[in-house]
Structure formats: C-alpha cells, structure tokens
Amino acid sequence: MTLLAAAGLNKRFGGVVAAKDVRFALNAGEMLAIIGPNGAGKSTTFNMVGGQLRPDSGRVLLAGQDITGLPPREVCRLGVGRTFQVAQTFLSMTVAQNVQMALIAHAGRTRELVSRAEALYRAQAVALLGKVGMAADADRPIGELAYGDVKRVELAIALAASPRLLLMDEPTAGMAPRERASLMQLTAGIAREEGIGVLFTEHDMDAVFAHADRILVLVRGEVIAEGTPEEVRANEQVKRVYLGTTGHKAALRARRAAHV
Amino acid sequence: MDAGFLLVQSLSGLASASSLFIIASGLTLVFGVTRIVNFAHGSFYMLGAYMAVTVVPWLLEIERSPWLFFVGVLISAAVVGLLGVAMELLLLRRIYKVPELFQLLATFGVVLMVQDAVLKIWGPVDITGPRAPGLRHGVEIMGQRFPAYELFLICAGPAVLGALWLLMHRTRFGVLIRAATRDREMVGALGVNQAMLFTGTLFLGAFLAGLGGALQIPRVSASAQMDLSIITEVFVVTVIGGMGSVTGAFLAAVLIGQLQAFGVLVFPKITLVLVFLLMAVVLVVKPWGLLGKPEPAAGRATLPEGILHPRGFALPEKLLAALAVAAALAVPVFGDAYAVKVATEVLVFALAAFSLHFLVGNGGIVSFGHAAYFGLGAYASGLLVVRLGVPMEPALLVAPVAGAAFAFLFGFFVVRLSGIYLAMLTLAFAQIAYAVCFQWVEVTGGDNGLVGVWPSAWATSRHVYHYIVAAGAIAGIVALRHVIYAPFGATLRAARDSAPRADAIGIDVRTHQLLGFTMAGGAAGLAGGLYAFSKGSIDPTMLAIPMSVDFLAMILLGGIQTVMGAVVGAGAFHAIKDIFMPLTDYWRFLLGASIIALVLLFPRGLGGAFASVRARVAAEPARA
Amino acid sequence: MGVVTISRRAALTASGGLAAAALVGLRAPRAQGAPVRIGELNSYSRMAAFSVPYRNAMQLAADAINRAGGVMGGRPLEFVFRDDGATPGDAVRVAEDLLTRENCAFIAGTFLSNVGLAVADLANQRRRLFFATEPLSDALTMAQGNRYTWRLRPNTYMQTRMLTEAARGRTARRWGIVAPNYEYGQSAAANFKRLITASIPNAEIVVEQYPALGRVDAGATVGALNQARPDAIFNVLFGPDLTAFVREGNTRGLFERRLVLSLLTGEPEYMIPLGDECPEGWIVTGYPWEQVEWPRHRAYVEAYRARFNDTPRKGSLLGYVTVEVLAALLNKANSLDNEALIDALRDLRTETVTGPVTMRGIDQQGTMGTWVGETVLRGRTGTMRNARYVDGAEVMFPEAEVRAARRSA
C-alpha cells in the first residue's frame, strides 16, 4: 500500500526552479533514496514533504491524507519522524531525557505543570535507546557523545513518535565510514521489521546502493530516473549526467560489501 | 502650511538624522563584528562631547578658524576612539568567551562608571561649547531661516556613509569587518588577526560615537545625562536598520529624523512613543530590520546559555534553602524596622528576577523589557486601589492577571522573533508601556505617579506586610521552580536548545514560548503588585529601562545556569546597592565597578561559582 | 584674582576661627548635648549641579547655628545626607532608613516631583514630618497634600503667576507654549493657560510643543513654533534642553521681536551653562545673587564664597533658608515629637536671608519668594536686570482653591 505519495511538486526560489513536477510514491517498509548532484533539489523536495517548505503547487499525501503545507509539528503528529543533516538534539539534556522529551511530546503532555519531566517515560526511552544500541549511555549528557552516537540517538528520538514514515536528511553526513554502514544497517533493519517507510537523501553512494529499495534521481529539480538500484545503475542518462564510471564502480563495491 | 516651512522642517529632520546615523553606524559596526550589544556606546558619545567642549575652545584661542574647530572635533573623536581601544583591551577581550548577556552587563557597568567619572572630571554643571566659526549664521531658504551648521551636518552623514563604504570595500580591514559581520565562524578562522580586527573595530566604533558627540557641541551642551538619552534612540536606529548594516542604519536614521520632525506637528505630546511604535511595527513586519540578515545557522551545535541540568536540591542545598526561608521569616523577629523593609524588597525582587530567569535561563527568551510586566502589575493594583477604592486583597490578585495579560499581548509578537531582535522588541514594548504610563496623565498620574497605595488596615504594619510578601514571593518562586522541572519547563528548554528538533517531535514552539512568556509576566506582575503596596506609590520608573537592567543584572550576577541563581543575585545586587548608596555620591561608579569585577571573577555568576565549589568538594573524597 | 581670593579666604578662615574661639570662651557656649538629627535625602548623584551647592549651604548654615549655640537650648543640629537614587522606589527605602536606623527626628529634601510625592505619602503613612524643599509639583501641597508634608520653595503655580503678572500691560495676544513633557512642564503650561488671561484678557494659545525631557529635537520644535507665528512664547524648558532650544531659536530668529516668559531661566544653575548664548530681554524667574543688597543675604554670600570658593546657586539659597526655617521650628516646638513639630510649623514665621518666610498653615506651603526680571548678557555670562524680589505671599493659591483641592484629596 502507498504510504507516501508526492504528486507534481513545484517550487521556485526567485527565478530558480528548485523542484519541477516531482512525483514519487513510497510503500510501508520500503526505503527510498533521493540522490542527485549539489543543487539538484534534494533538500527542497525533502523539506516540502517534511513541512519546512510549502510547495508552490502539487500535493503530498500521507496514507491518502493530504499533508501539503502542514507545519512540521503537525506532520510529526501524523506519524512522521525525522532526522537532520546536522544532528539536532537538546544539548542541555542527557541522552535519555532527549528521548523522554520526544515521548512527552508524542503523548501531548508538554503543557503539564505538575509532574516531573525526568520521571516520565523513562523505561520507554531506555527501551528505544536499546533498539539503537545506546542504552548504556542513557544518563550521559548528549553533548559528550561521539557524532555517530548522536545520530543514533536522533534515530531513537524520531522513533519515539511511533512513526509510519521516517524522513532522514543525509543521515550519514559527517560520520566515519564504518559508523555510516552500521547506522544504515540499523535503520534498514528497524524499518523492515516495523514496516516503517524511509525517505532519505544521501551523498554517500555506498549507503544508497547498499540499502535503498528504490532510488529517485533528481537533476536541476527534475526527476530523471526512478527505480531499483539495478535499474538506476543501468540507466544511461543517469550514468551520463551523474554517476559517471567512478560512481558505477562504487555502487558495485557497495552492493558486494552489503551482501557479504 | 507652505512649502518653505515643510522643506525647512524636513531639513531639520535630516540634520538630526545625520547626527543619529553617525553615532548608530559605530554601534552597528561593533555589533556586527563582536556581537556585543555595547551599552557604553552612549557613554562614548557623551565623552566625545565633553572632549570637544574642552579641546575646541582651547584651539579656538589660537585662532578662530573653522579649520581648527574641525581639527578639534577630530582630535576629540580620536581620543574617544582610543578609549574604545582601552575598553577592548582591558575588558571586552577578557569576556568574548562568556555568555553574550554578560558582555552586555559588563558594558552597562562601564556606563555607570563613566557617568560618575564625567561628573568627577568635568563637574556637574552642563558645559556649552563654542559654535563653529563661519557657520554661526542662518541661511534663508524659501523665506525661512535655517542654521548653516545644520546644512553642514546634513552633508556630514552621507559623507561618513561614503567614507565607511570606501573603508569596507577598498581596505583589507574593511573586508575583514564585512566578512566577520556576515559569518561569525569566519572570525575564529582569522587567528592572530582576530585580536587586531576587534581592537580596530572598537576604535572605529568609539571614534564614530565620539565624532557624533563632538559634532553636537554647537547645538547642545555637554551634560551628564547625554549618554542614556541617546543610547535608546541609537538602539532603535540600529535595530530598525538591521543590526550590522550600516546602510540600514542610514535609512532608519532618516526615517526617524523625518518622523520626529513632522511628528511634533501632529502629535506634539507623544513623541516618546512614536519611535518605539515604529520599531515595533518594523520588527513585526521585517523580523531582521530593514536591511538586516538572519544570523546564519551555526555549523556546529553549541551549548545554550542558560539552565543546563536542573538538578534537584541535594542535602547542602536543601539546608541552604531552608536557612534562606527561615531567615526571611525571622527578619521581623530579630531585625529592626529597616531590616524588615530591606528584606521585603529583596523578596519582591527575588520573585521578579526569578520570573525573568524562568524566561531567559530556562526558555532562552532574552527580555530587555521585563520591568514592563512588573510595572503593569503594580499599576493594575495601584489604579484599582486609588481610582476605584478596591481594597488591597482583590487588587493584589489582579496584579499577576494584568502582568500575564500584557505579557500574552506583547508576547504574541515577541515570540515570532529570535535573538537580539526579540530582545529589542521586548524593549520596544516596555518603552511603549512606559510612555503610556508617563504621558496618560489623567489616568496614571503621569510621571508623578499615584500615591496612597497602602495595604489594608490589618496589614499596614511593616511586619505583617513582610509576611504577606514572603508568602507571595516564596510561593511564586517555588511554583515557577516546580514548573522548570515539569514537562512544560523541559519543553521550553527543548525549544531553546533546538527549535527545529522541537518542531520535528511535534512541539508547537511559539505557543509554548508564548505561554512561558505569559507565566513569567504573571509572576513579575505579582512582584510588582507586592512592591507597590510596600512603597505606597506607583510611578513610571517601575517599568523604565533601568529597572529592566536591574533585573537582568540580578539574574546574571546570580548565575544564569543555576536554577536558584536569580534569587541569590537579587540579594547580592540589593546588598551592593545598599552598601554603596549611603557611602558616597559616586555610588554608581562603585556599582559599575563591582558589576564588572563580578563578571570577570565569576563569569558564571555567584550560583555558578557555588556549583563549581560544590563540584570540587564532591570530587575531593573520590580522589582520596 | 586667584591670589586675592586665596589670601582673603585664608584670612577669613583664620579670623573666623578666632572669632569662634572667642565666642566659645566668652558668650554662648558651643552646642552640646545630644544632636538633633535630621534626615536629608536628595538626588546628589543625578542632579549634582543643584544639590551639591544646596548641601554645601545647608552645612554652612548648620555650622553657623551650632557655633551660636545650636537649637532647642543648646543641642547641635546634625544633618544626615543621603542620595535618594532619583527614583521613588529608592527614595522611599532611603527615607525609611533615615527614620529608623539613622534615628532621624524627621526628613527633609528631595528634588524630583515624583520622588517628593512618594516620600510625602510615606511620611503620611508613618506619621512623620517631611519638609520638602525643592519639588515644585503643585500636587504636593494641593490635591495630594497631607498633614505631614510641608514645602518651602515656591511651587509651579506661584512662579508661573509671578511671570504672568509681570506680563501685565503687554499687548501680546497670540501665545506659544514650549514645555518638557512631564508633570512639571504640563502643570506649568496648564497654570499659564488659566493665569495669562488675568493679565492679558484676549490672550490665546496658538501652538503648544511638549518635547520629551532631556531629548528635545530643537530644530523641529523651533520650526513648529515659528510656523504658528505667535506674538509671545512661554517657555518651561531648562537644562540641556534650554541650551539647545535657545541656540536653535537664536539662529532661526525665533525670539526676534517676541516677548518671552521663561520659568527658572534666571537661576545661576541654568544661566551659567547658557554662557554667551543667554538671550536678551526674556522675563524670567531667577536668582541674581550679586544684586541682592540685604545685609543678611550679603553676609551669607560672603561666607558661602569664602568657604566653598564658588558663587552661590539657587540651590545654595534654598539650602540655607531650609536650615534657618528648621532651626526656628525646633526652637519653637522645643520637642522632637512630630505632631508637636507640625503644630509649631503652622504659620511659623522665620526671618531668613531671603526675608521673612511664613509656612502658611492652610496649604502647608512656604511664602519664600523669588526674583523676577529681564535677562541680560554681561560679558560672557547672562544675568538679570530690573530684578525685584516677589514675596511668595503675594502669589499663593487663593484660599478657596486650596480648600477645594485639599478637601477632595
């Protein structure tokens, strides 16, 4: 069943076309990658889905419901979790408190004045942290963690809202190669297990070809190809404008590594 | 009205605009590079005028030539520039790393010190400087006489703008200034150059302020109140123009000059409000001023300035808190009448400061106008008592309601902004509220205020009233403190730490900030009501800028990262003032010096110092 | 000149010391016994140009009284001076400090009207005497008057009335008003509007300007006044605002062939900063101390100049007279009980350096007067000519008005 559908999204900034008639669909449990050179419109498309940007025209449907132009917090409440290119966490809080905060928000209890925030949803938060392998660090200030670990916690925060869809903007940006692979594997595992759809943009071709079920290729705001990694890799136009031979080799290498 | 009059009136506006721009350009440059909101900029302006009324007559003794007049003006400005360098080397350089608010507080300490230094050096009598030789006369313009010197001023503003443009585009120093203004991270990459850049910028900024002051001497006399009367106006200009934008400052100055020149014709009585109304409108429509740009998002996440980990009280803190409460309650038993009075006042300020801390420390919402809610609470109670004869008890209940209501009203616009612009909008609303209380004489009694705001008969004694205040203040503080630990308080911290993350987990950031603002306004209003009944009168100084600054000073002295810091700070600030005021006429100098000393010695405030001592003590046994 | 001053001063000090020693030895003994402490709060930091000469003169007067045997049969008079912080909040706390911890019998002083009113209300609440010296607000003795608050200095109404009466016989019909936008300015303007028609029946107000205190936009204000083409101007601006206004007005010809009435401008506090910009021929209230010939006043001026090496200001006169009145009060009451003091103050008449001063009982306002004359530039500073002392008793609020105002309070 279609979890997320984008239909004819258009966005212009002044004279620049950032997205032109972008359309795609994403099923539950599926991982869809958006790739493209710098300035191709990946982030624009992404932000139109996440609610940070409002498209000039076109519609975004979440499980059939129109969410076009809703602010991020509303999009979140409809079951969409997200991570950021530069991790966004609550730096003054511990790892567990970050997740607890997300759980409190999900439960709609942010305006409570009487209970103590520290004591709420502690067990659930630790459980979620367990899922991403961070339970042992629950009580450390999040500012102390290595960047790769922060990204994992961010994933746990996103999962706190029991999302149907995860939006991940460059999930592995700024991470060491080994950490990248493990984060992507972790994400893919959780997504498939819980039937969560994942839409992500990515620079790292290894990560894309290793974990995406399908790939959307954007160039100058337009979708030039869409399909399974194999189809995209075989696409002549993609090869010409984007991947080049180096990219092709990288894709093969990644595929092998993932299957070993 | 004939065309000649309109033209001359608009020329008058342009002359004022030129002066205002020259001063404001310095402030905006310094802010752009160092990100310091320099309260002492007005002091540099005042020093420029005082230098000029000293140097210029001396030069004119040699020969009454226009050239020597302007040489004197430039010498004065250069001397002030060097004072700016001194301030950078001796003070600012040591505090670039401390939280921004502390820098602001330190510059306010400089303001206080300069005020008294000027009184000491030049004496309390205003000094009228000489007019510029050759420009004393008036020029006929369409049948109206207009001062030649003001024609010169009209040209001076654009000349300075042009010179600054050349400096910024044709010199390496200027290119660095622009780069630093555009991207803060850039500055760090400059390495050794950074120190030079900052020193140079302070020289330039102070020079421009001094130039503005020195150029004024043919128009106004040098007086010890010049600094504060100019600084708010200059803030307004830089904010309307967009902080860091020199061209923006020019546009804003012209706008304000014209608004005032024609405003006095239409609304001769409310000129105070006009400029702040303009600022509020501009900020609501353009959140970064006319030509300002949003602060580029920091590439690296940084720890917020504020409460980090609200821990519960451990045993020593529990004991201290119990001791403090016991002391507050025991004062009437052991202390004399004056001690009771002072204790009452400290409790009131502790509540007001704590409510500000709730906003600033916990919510990251920096308010420069918190006195507005304190004062409006006081006015609400006071007006009910004096005008409608309502007794104290219900009137006191209305105070927090009024504080909260106005906080909600102003906050609705305030939470749409961020950073320095948000702070400036709170200031604008506070000034509007102040001006209304000041100028709506029929209702508020104007600047005389209203008297007769005394407690009901059963509570008239100092002792009984002290217990009422103690009950109100302690209850207020405990309640707000509890909220900090509650989900709502945590949500405010979350929104402060990362608004995008908060948004993405489903938090409506603005609504929560607005509710927080309202809550803090309510607590400040309660404090204001309690204060009014302790003084017996209300007047506009309760919501004036100095009161807001006092509150800020309290929370910063107490330590912005510590939950209870504000309470400690209120006590400490009051103690400092109480010790120095009876001591000497120059108490402002000592107050300013102590503020600076505290910023340098305890950059995390007294609460922060306590926390680190505690941490060291706690670490001791572990090492052993 | 400098040398002369110093030598004369030294001689005076020496002879004064001898004379005092002789007095101690031969006649009235120096004041002994427990001092009578009076709390004096004023804006010593914010309004130093006024308040420091004021404090100096008080000290001078108190020393003279103590040398002559003190008050209440030999007790020395002692003033505890405190800064009132120039805000009502600080002032009320300082006043409490003076009354409680400093053990002052009562309090005196204050400069700003809002500070004066707040302290007056505190005095009423605590049932202690407050002898207001400088605040000018009419409200202090009228609508907000109370049993415990007395004022020495002529209030806004009295000074405005002195000026409008000086304008009697003039023909100026169209009037412009310029006043700082706060209570003092507003109430001076209001008083002027109702008093001017007594002197000039067909007078009308054609323009009013109320610039913010301390930040007059002089060019725009002068332009607006000029545009209305008034025959005469009533000015209430003072301090830095006045200097800026006068300069701009001089250059733009605002004062040419126009009658100007101006409050306080003739006081040395405002004349000295004006320097050679001093306008000619304005009718002002002020204090031409060098022209006052009364022997008692001359002696005070001599003593003041000798001790402080400075010329007296209006503040000095006020400070000196304050102490004279308070000393007379203490001697008459011969008690520090505040109710007794207040009863003694009622219609108390004191001979002072500025002539007889009566504390009128009905509105608790002193009849101290001031000088009215024309401004004139002599050398590089302005002073007054044709100055005459107007006794405050001649320009007090009519008794019926006082009764109405104080009853409604």
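Quick caveat, the model's predicted, so the values are computed rather than measured.

### Focus on the pattern of salt bridges
A full pass over the atoms with the stated rule returns 58 salt bridges over all chains. For R219(B), the salt bridge is made with E150(B), and the minimal N-O distance between the two is 3.5 Å. Residue R219(B) is found in the loop between α8 (193–215) and α9 (226–241), and its partner E150(B) is found in helix α5 (residues 148–170); the two are separated by 69 residues along the sequence. Both residues of the pair, R219(B) and E150(B), count as buried. A salt bridge links D63(C) to R307(C); the nearest nitrogen and oxygen atoms lie 2.8 Å apart. Here the residue D63(C) occupies a position in helix α2 (residues 48–67), and R307(C) occupies one in helix α10 (residues 295–308), the gap between them amounting to 244 residues. The exposure class assigned to D63(C) is partly exposed, which follows from its relative accessible area of 23%. Relative accessible area serves as the criterion here: at 32%, R307(C) is assigned to the partly exposed category. Salt bridges here are not isolated pairs; linked through shared partners, they connect E345(B), K535(B), D550(B), K577(B), D578(B), D90(C) and R93(C).

### Regarding the interface of chain C and chain B
Listed by partner, the interface residues are 63 residues for chain C and 76 residues for chain B. Across the chain C to chain B interface the summed buried area is about 5,800 Å²; carbon plus sulfur atoms make up 48%. Across the chain C-chain B interface, the total number found is 10 salt bridges. Between E96(C) and R462(B) there is a salt bridge, with the nearest N and O atoms lying 2.9 Å from each other. The tally of links between chain C and chain B comes to 33 residue pairs in polar contact (both at pLDDT 80 or more). A breakdown of the residues in the side of chain C that touches chain B according to their chemical character gives 19 nonpolar, 22 polar and 22 charged.

### Focus on a nonpolar patch on the surface
Residues and elements named next belong to chain B. A grouping of V281, V284, V285, F412 and F413 is seen on the molecular surface, where their side chains present a nonpolar patch of about 430 Å² in accessible area. When residues of the nonpolar patch are traced back to their parent elements, those giving at least two are α11 (271–285) and α15 (392–414). In terms of residue count, the dominant contributor to the nonpolar patch is α11 (3 residues). Mapped onto the fold, F412 is located in helix α15.

### Points about the packing of aromatic side chains
Taken as a whole and assessed by the stated rule, the structure comprises 41 aromatic pairs over all chains. Ring geometry for Y300(C) against Y320(C): centres 4.9 Å apart, planes inclined by 45 degrees, an arrangement best described as tilted. On the criterion of sequence distance, the pair formed by Y300(C) in helix α10 and Y320(C) in helix α11 (residues 314–333) is long-range, its members being 20 residues apart. Neither residue differs from the other here; Y300(C) and Y320(C) are each classed as buried. Joined through ring pairs, the aromatic side chains of Y373(B), F406(B), F410(B), F412(B), F413(B), F429(B) and F517(B) make up one cluster.

Conventions we followed
Residues numbered from 1 in each chain as written. Chains lettered and ligands numbered in written order. Predicted model: local features only at pLDDT ≥ 70, side-chain atom pairs only at ≥ 80, totals over all residues. Heavy atoms only, no water. Salt bridge = Lys/Arg side-chain N within 4 Å of Asp/Glu carboxyl O. Helix = DSSP H or I, 4+ residues; strand = E, 2+ residues; numbered from the N terminus. Buried < 20%, exposed > 50% of the residue type's maximum accessible area, 1.4 Å probe, protein only. Contact = heavy atoms within 4.5 Å. Buried area = accessible area lost by both parts, 1.4 Å probe. Polar contact = N/O pair within 3.5 Å; in protein donor to acceptor, adjacent residues only side chain to side chain. Nonpolar A, V, L, I, M, F, W, Y, C, P; charged D, E, K, R; others polar. Patch = residues over 30% accessible without salt bridge, like charges linked within 9 Å, V, L, I, M, F, W, Y side chains within 5 Å. Areas by Shrake-Rupley, 256 points an atom, 1.4 Å probe, with all protein chains shown as cover. Phe/Tyr/Trp six-rings, centres within 6.5 Å; stacked < 30°, edge-to-face > 60°.

Keep in mind that these numbers describe shape and distance, not what the molecule does.
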